[in-house]
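Summary of structural features
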Amino acid sequence: MNSTDVLVDAFGRVRSDVHRAVEGLDERALNLRLDDEANPIGWLVWHLTRVQDDHIADLAGHQQAYTSQGWADAFGFDLDPASIGYGHTTEQVAAVHVTDGQMLLNYYDAVHDRTVDYLRTLTDDDLDEVIDDAWDPPVTRGVRIISVVDDDIQHAGQAAYVAGIARRR
């Protein structure tokens, strides 16, 4: 197994977690907030997908799927299409009202496929390339990709937790 294989496997695990969290949920469950400040499953999965889309597109030098493939229009959220969820207020979280879990999964899968295609182009030398020297230590391409996987795993786990509660209600 090489470095790329490890990264592809990690993103594949995120994909499985996302699908298990979302599949079979109705609109009510997708937007369930455990309290007024909590993030619902739909927002969590939208956010992790937006972060992955944003960061991997930037690394690959591509446009984001969200805007270039029409996902922003399809979802129709009352948000700037550049928004990825960082720093969202409770009102902005509520604006991500997911009505169709399958559409959310389709967007995630489109981003996942683009991610895997990009990862398969990378060598170990590519992963060592410094892409942001504003940090100490400087951030390499590999570190940026791992930070995306880490963020995805955390949010997929949160979505799975809320989905478990929603399925018992």
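Our subject is the structure listed above.
Everything in this summary refers to the structure shown in the same document.

As for the overall build of the protein
Tallying secondary structure elements over the protein gives 9 helices and 2 strands in all. Along the protein, from the amino end to the carboxyl end, the secondary structure elements read α-α-α-α-α-α-α-α-β-β-α. Rg of the C-alpha trace for the protein: 16 Å, near the compact-globule value of 15 Å for 169 residues, within the 12% margin. Counting only C-alpha atoms and orienting by the principal axes, one finds that the protein spans roughly 50 × 35 × 30 Å. Burial statistics for the protein: of 169 residues in total, 49% are counted as buried. Nonlocal contacts in the protein, meaning residues at least 24 apart in sequence, comprise 73% of its contacts between residues at least 6 apart. In the form shown here, the protein has an accessible surface area of approximately 8600 Å², with 47% of it arising from carbon and sulfur atoms. Side-chain charges of the protein comprise 13 positive and 31 negative groups, with the mean position of each set lying 8 Å from the other.

Quick word on the side chain of Thr 4
Following the sequence through the fold, Thr 4 ends up in helix α1 (residues 3–22). Apart from the residues within four sequence positions on either side, Thr 4 is in contact with Leu 119, Arg 120 and Leu 122.

Comments concerning the side chain of Asn 31
Structurally, Asn 31 can be placed in the loop between α2 (27–30) and α3 (41–60). Assessed through its relative accessible area of 15%, Asn 31 is described here as buried. Not counting the four nearest positions on each side in its chain, Asn 31 is found in contact with Pro 40, Val 96, His 97 and Val 98.

A word on the pattern of salt bridges
Two side chains bearing opposite charge may form a pair once their charged atoms approach each other closely. Scanning the model with the defined rule gives 7 salt bridges in all. Among the ionic pairs, Arg 144 bridges to Asp 132, the shortest N-O distance being 3.6 Å. Of this pair, Arg 144 sits in helix α9 (residues 141–168) while Asp 132 sits in strand β1 (residues 130–132), and the two are 12 residues apart along the sequence. Relative accessible area serves as the criterion here: at 19%, Arg 144 is assigned to the buried category.

A look at the packing of α1 against α3
Interaxial distance between α1 and α3 falls to 11 Å at its minimum, and their mutual angle equals 155 degrees. Looking at the two axes, α1 sits roughly antiparallel to α3. When you trace α1 past α3, the crossing you get is left-handed. In this structure, α1 contributes Phe 11, Val 14, Val 18 and Val 22 to the contact, and α3 contributes Ile 41, Val 45, Leu 48 and Gln 52.

Let's talk about the nonpolar core
Core analysis: the largest hydrophobic core is formed by 36 residues, its most contacted members being Val 18, Ile 41, Trp 46, Tyr 66, Trp 71, Phe 75 and Phe 77. Sorting the residues of this core by element identifies α1, α2, α3, α4 (65–68), α5 (71–75), α7 (101–119) and α9 as the ones contributing at least two each. It is α7 that provides the largest number of residues to this core, a total of 7 residues. Those residues in contact with Phe 77 that sit more than four places away from it in its chain are Trp 46, Tyr 66, Ala 72, Ala 95, Val 96, His 97 and Val 98.

Some details on the packing of aromatic side chains
Evaluation of the coordinates by the stated rule reveals 8 aromatic pairs. Ring centres 5.6 Å apart and planes at 40 degrees place the aromatic pair Trp 71 and Tyr 107 in the tilted group. Of this pair, Trp 71 sits in helix α5 while Tyr 107 sits in helix α7, placing them 36 residues apart in sequence. The burial state of Trp 71 is the same as that of Tyr 107; both residues are buried. By the ring-pair criterion, three or more aromatic residues cluster together here, those being Trp 46, Tyr 66, Trp 71, Phe 75, Phe 77 and Tyr 107.

Structural notes on a negative patch on the surface
On the surface, a cluster of negative charge is made up of Asp 35, Asp 36, Glu 37 and Glu 91. Position of Asp 36 relative to the elements: it lies in the loop between α2 and α3.

Rules behind the numbers
Residues numbered from 1 in each chain as written. Predicted model: local features only at pLDDT ≥ 70, side-chain atom pairs only at ≥ 80, totals over all residues. Heavy atoms only, no water. Helix = DSSP H or I, 4+ residues; strand = E, 2+ residues; numbered from the N terminus. Rg over C-alpha atoms; globule rule 2.2 N^0.38 Å. Buried < 20%, exposed > 50% of the residue type's maximum accessible area, 1.4 Å probe, protein only. Contact = heavy atoms within 4.5 Å. Areas by Shrake-Rupley, 256 points an atom, 1.4 Å probe, with all protein chains shown as cover. Lys, Arg positive; Asp, Glu negative; His and termini not counted. Charge placed at Lys NZ, Arg CZ, Asp CG, Glu CD. Salt bridge = Lys/Arg side-chain N within 4 Å of Asp/Glu carboxyl O. Axes fitted to C-alpha atoms, helices over the stretch in contact; angles between N-to-C directions. Parallel < 35°, antiparallel > 145°, perpendicular 65-115°, else oblique. Left-handed = near helix turned anticlockwise from the far one by under 90°. Core = buried A, V, L, I, M, F, W, Y, C linked by side-chain atoms within 4.5 Å. Phe/Tyr/Trp six-rings, centres within 6.5 Å; stacked < 30°, edge-to-face > 60°. Patch = residues over 30% accessible without salt bridge, like charges linked within 9 Å, V, L, I, M, F, W, Y side chains within 5 Å.

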